[in-house]
Amino acid sequence: GQNIDQPTEMTATEGAIVQINCTYQTSGFNGLFWYQQHAGEAPTFLSYNVLDGLEEKGRFSSFLSRSKGYSYLLLKELQMKDSASYLCAVRDSGYSTLTFGKGTMLLVSP
Amino acid sequence: DAGVIQSPRHEVTEMGQEVTLRCKPISGHDYLFWYRQTMMRGLELLIYFNNNVPIDDSGMPEDRFSAKMPNASFSTLKIQPSEPRDSAVYFCASSLNRDRAGNTIYFGEGSWLTVV
């Protein structure tokens with residue numbers, strides 16, 4: 001089975017940096033994904049890590065430590081439009097499915 | 001590309017009625033997934049298909065739920081009879097072959113179901 005934990009809510013101010021953590025315990029591992037979901041909309045893909053280390057994509061970066069079962073999503077230069085739920089998801093080895101955490105609701109205030 | 005297309009976007013139905021949700025995956029994708037999202041349980045996988053064949057339906061809550069994929073461009077999720085606890089957002093998603101590392105799953109806009 002899979003167990004994925006992430007904080008329920010976080011708040012931050014415009015222009016700041018925020019780090020959203022995700023820990024996982026899985027029977028297999030074939031990649032970790034981060035998705036962004038605005039209220040009333042579909043989840044959209046943000047990043048993918050399969051090897052240890054940091055992946056940077058513009059204002060967003062994602063880090064993975066497989067030995068620790070840990071990942072984080074780093075958002076820089078926060079904007080109001082970054083207010084959304086951020087979902088951590090793990091792909092089990094041998095399957096194409098993703099198991100999702102319950103998401104972290106990020107509120108960015110002026 | 002048009003993306004994953006779902007219908008209806010919103011449905012309100014009475015308890016006991018049959019509900020059919022429809023999905024058209026991204027052309028060329030050979031995996032199709034049905035997820036359900038609620039506040040309490042988050043995003044849960046119900047069933048997924050590979051090349052139109054159901055691979056894992058262990059997430060289907062009970063016999064009232066059924067899913068079909070008669071061809072590569074169409075799938076349905078049916079609930080019969082529906083109950084208030086089925087109220088949720090149902091997402092259809094698709095992806096390419098799993099052997100390609102990093103192939104992501106693309107979601108449709110969801111079908112918002114309310115059973116009263």
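Note that the structure is a prediction, hence the values are computed from the model and not measured.

Colleague: Outline the interface of chain B and chain A, supporting the account with residue identities and numerical values.
Modeller: Often, the extent of an interface is quoted as the loss of accessible area on bringing the components together. Each side of the interface is counted separately: chain B has 23 residues, and chain A has 18 residues. Taken together, both faces of the contact between chain B and chain A bury some 1700 Å²; the carbon and sulfur share is 56%. Applying the counting rule to chain B against chain A returns zero salt bridges. A total of four residues in the side of chain B that touches chain A trace back to one element, the largest contributor, which is strand 4 (residues 31-38) of chain B. Residues that form the side of chain B that touches chain A fall into these classes: 13 nonpolar, six polar and four charged.

Colleague: Break down the sheet that holds strand 1 (residues 5-7) of chain B for me, with residues and values.
Modeller: Residue and element names in this part refer to chain B. If you trace the four strands from one edge of the open sheet to the other, you get 1-3-8-7, paired in antiparallel fashion. A single partner strand is all that each edge strand has here, and the edge strands are strand 1 and strand 7 (65-71). Geometrically, the sheet is characterised by an average inter-axis angle of 15° between neighbouring strands, direction not taken into account.

Rules used in this analysis
- Residues numbered from 1 in each chain as written.
- Chains lettered and ligands numbered in written order.
- Predicted model: local features only at pLDDT ≥ 70, side-chain atom pairs only at ≥ 80, totals over all residues.
- Heavy atoms only, no water.
- Contact = heavy atoms within 4.5 Å.
- Buried area = accessible area lost by both parts, 1.4 Å probe.
- Salt bridge = Lys/Arg side-chain N within 4 Å of Asp/Glu carboxyl O.
- Helix = DSSP H or I, 4+ residues; strand = E, 2+ residues; numbered from the N terminus.
- Nonpolar A, V, L, I, M, F, W, Y, C, P; charged D, E, K, R; others polar.
- Pairing = 2+ DSSP bridges.
- Axes fitted to C-alpha atoms, helices over the stretch in contact; angles between N-to-C directions.

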